[in-house]
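# Observations on the model geometry
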Amino acid sequence: MKIVSNAQAMQKLSRSWHRAGETVGLVPTMGALHRGHMTLVETARKQNDRVVVSIYVNPTQFGPKEDFGKYPRPRREDLALCRAAGVDAVLAPETLYPPDFSTWVEETVQSKGRCAVSRPIHFRGVATVVLKLLNTALPDRAYFGRKDAQQVDVIERMVRDLDVPVKIVPVEIVRDSDGLALSSRNRYLSPEQRQQALILPHSLREAVKQKQPVAWLRRVLSRAPGMKVDYVESANGRLCAAVWVGKTRLIDNVKI
Ligand code: PAF
């Protein structure tokens, strides 16, 4: 497995694969890899000759009061997981931004509402770094988890609008046996908070059976102990919610 630390070296490697007639799948991540990420890797492994995982905690998608500094960075464990999964290259740059970086990608419809209300600069940072990663790894396909439903909507729209030659492959949410959607941020939860958090996946599942799923879910979550509702919204055929459990923000969604 190659560890690549800059964009030019990654482009060179990917071009050499393409010249040999091989297809390339990219799994963009911020590291702290869990079973959800590894499901993306397995899917990419089945559909492509080569698989690249990018590990980069992207500073431009974090607001000033968010957890960029404390975001987990277990680099050695991440690399071991990638090696065991048969990944061909890990793109792990120190930075992807020149010091005088001044160009942004701003998707202006899907990036409104839901997570954008409490994270106003988040999707500009995501769209910008994802386009950079696509231009760097030059994949045929790129894989994203449906847990970040709005992120998938933004990226699909960006790729369509800007004619980026890549197929975006959304992959279903992976859950723990108790129902909680896997997330790198679950490790911030105390055992008690983790128990409290379970009402999020359970009530999402119940809500879609109700006549007014959004209102019903908002009511149930706002009464749940230890929880503060950030939003409940339906968008693009999914019922989506974000909540705070202590200082940890969790998101989840289900198909309506
Ligand atoms: O979903 C994530 O981990 C990140 O938002 C992504 C897509 C890797 C961009 O930094």
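Residues numbered from 1 in each chain as written. Predicted model: local features only at pLDDT ≥ 70, side-chain atom pairs only at ≥ 80, totals over all residues. Heavy atoms only, no water.

### Re the site of the ligand
- Neighbouring the ligand are the residues P28, T29, M30, N58, Q61, V129, V130, F144 and Q151.
- Q61 has a polar side-chain atom sitting 2.6 Å from an oxygen atom of the ligand.
- Interatomic distance of 2.7 Å between a side-chain N/O atom of Q151 and an oxygen atom of the ligand.
- In isolation the ligand offers 290 Å² of accessible surface; the protein chains occlude 89% of this area.
- Per-class residue counts for the shell around the ligand are five nonpolar, four polar and no charged. (Near = heavy atom within 4 Å. Polar contact = N/O pair within 3.5 Å; in protein donor to acceptor, adjacent residues only side chain to side chain. Areas by Shrake-Rupley, 256 points an atom, 1.4 Å probe, with all protein chains shown as cover. Nonpolar A, V, L, I, M, F, W, Y, C, P; charged D, E, K, R; others polar.)

### Quick look at helix α6 (residues 149–161)
- Compared with the 18 Å implied by 1.5 Å per residue over 13 residues, the 18 Å span of α6 between its first and last C-alpha is a close match.
- Every buried residue of α6 is listed here: A149, Q150, Q151, V152, D153, V154, I155, M158 and V159.
- Where the residues of α6 are buried, they touch α4 (115–118), α5 (122–137), β5 (141–145), β6 (167–171), β8 (238–245) and β9 (248–255).
- Of the residues trailing α6, D163 is marked for its positive phi of about 55 degrees. (Helix = DSSP H or I, 4+ residues; strand = E, 2+ residues; numbered from the N terminus. Expected span 1.5 Å × (residues − 1). Buried < 20%, exposed > 50% of the residue type's maximum accessible area, 1.4 Å probe, protein only. Contact = heavy atoms within 4.5 Å.)

### Topic: the pairing of β9
- Taking burial as the measure, the eight residues of β9 include seven buried ones, the bulk of the element.
- The pairing of β8 with β9 spans eight bridges and is antiparallel. Its bridge partner lying in β9, W244 is registered against R249.
- Here β8 folds back onto β9 in antiparallel fashion, the turn holding two residues, of which G246 has a positive phi close to 60 degrees. (Pairing = 2+ DSSP bridges.)

### A look at the side chain of D252
- Its location among the elements puts D252 in strand β9.
- Owing to a relative accessible area of 2%, D252 belongs among the buried residues under this scheme.
- Polar contacts involving the side chain of D252 include one to the side chain of R175, which spans 2.9 Å.
- Those residues in contact with D252, other than ones at most four positions away along the chain, are I173, R175, A181, L200, P201, L204, L239, C240 and A241.

### Considering the pairing of strand β2 (residues 24–29)
- Buried residues dominate β2, accounting for six of its six residues.
- With six bridges joining them, β2 and strand β3 (residues 50–55) adopt parallel strand pairing. For V24, the partnering residue across the bridge sits in β3 and is R50.
- Note: β2 against β5, two bridges, orientation parallel. Each residue of the ladder has a partner; that of G25, found in β5, is R141.

### Digging into unusual backbone geometry
- One non-glycine residue, L138, adopts positive backbone phi at about 50 degrees.
- Counting through the fold element by element, L138 comes out in the loop between α5 and β5.
- Positive phi outside glycine occurs at N236, with the angle close to 50 degrees.
- Residue placement: N236 occurs in the loop between β7 (227–235) and β8.
- By relative accessible area, which is 51% here, N236 ends up exposed.

### Looking at the packing of helix α1 (residues 7–19) against α5
- Running from N to C, α1 and α5 point in directions that differ by 50 degrees, and their axes come no closer than 7 Å. Taken together, the axis directions place α1 and α5 in an arrangement best described as oblique. Contacts between α1 and α5 involve A7, M10, Q11 and S14 on the former and, on the latter, N135, T136 and A137.
- Class assignment of the residues belonging to the contact of α1 with α5 gives a composition of three nonpolar, four polar and no charged. (Axes fitted to C-alpha atoms, helices over the stretch in contact; angles between N-to-C directions. Parallel < 35°, antiparallel > 145°, perpendicular 65-115°, else oblique.)

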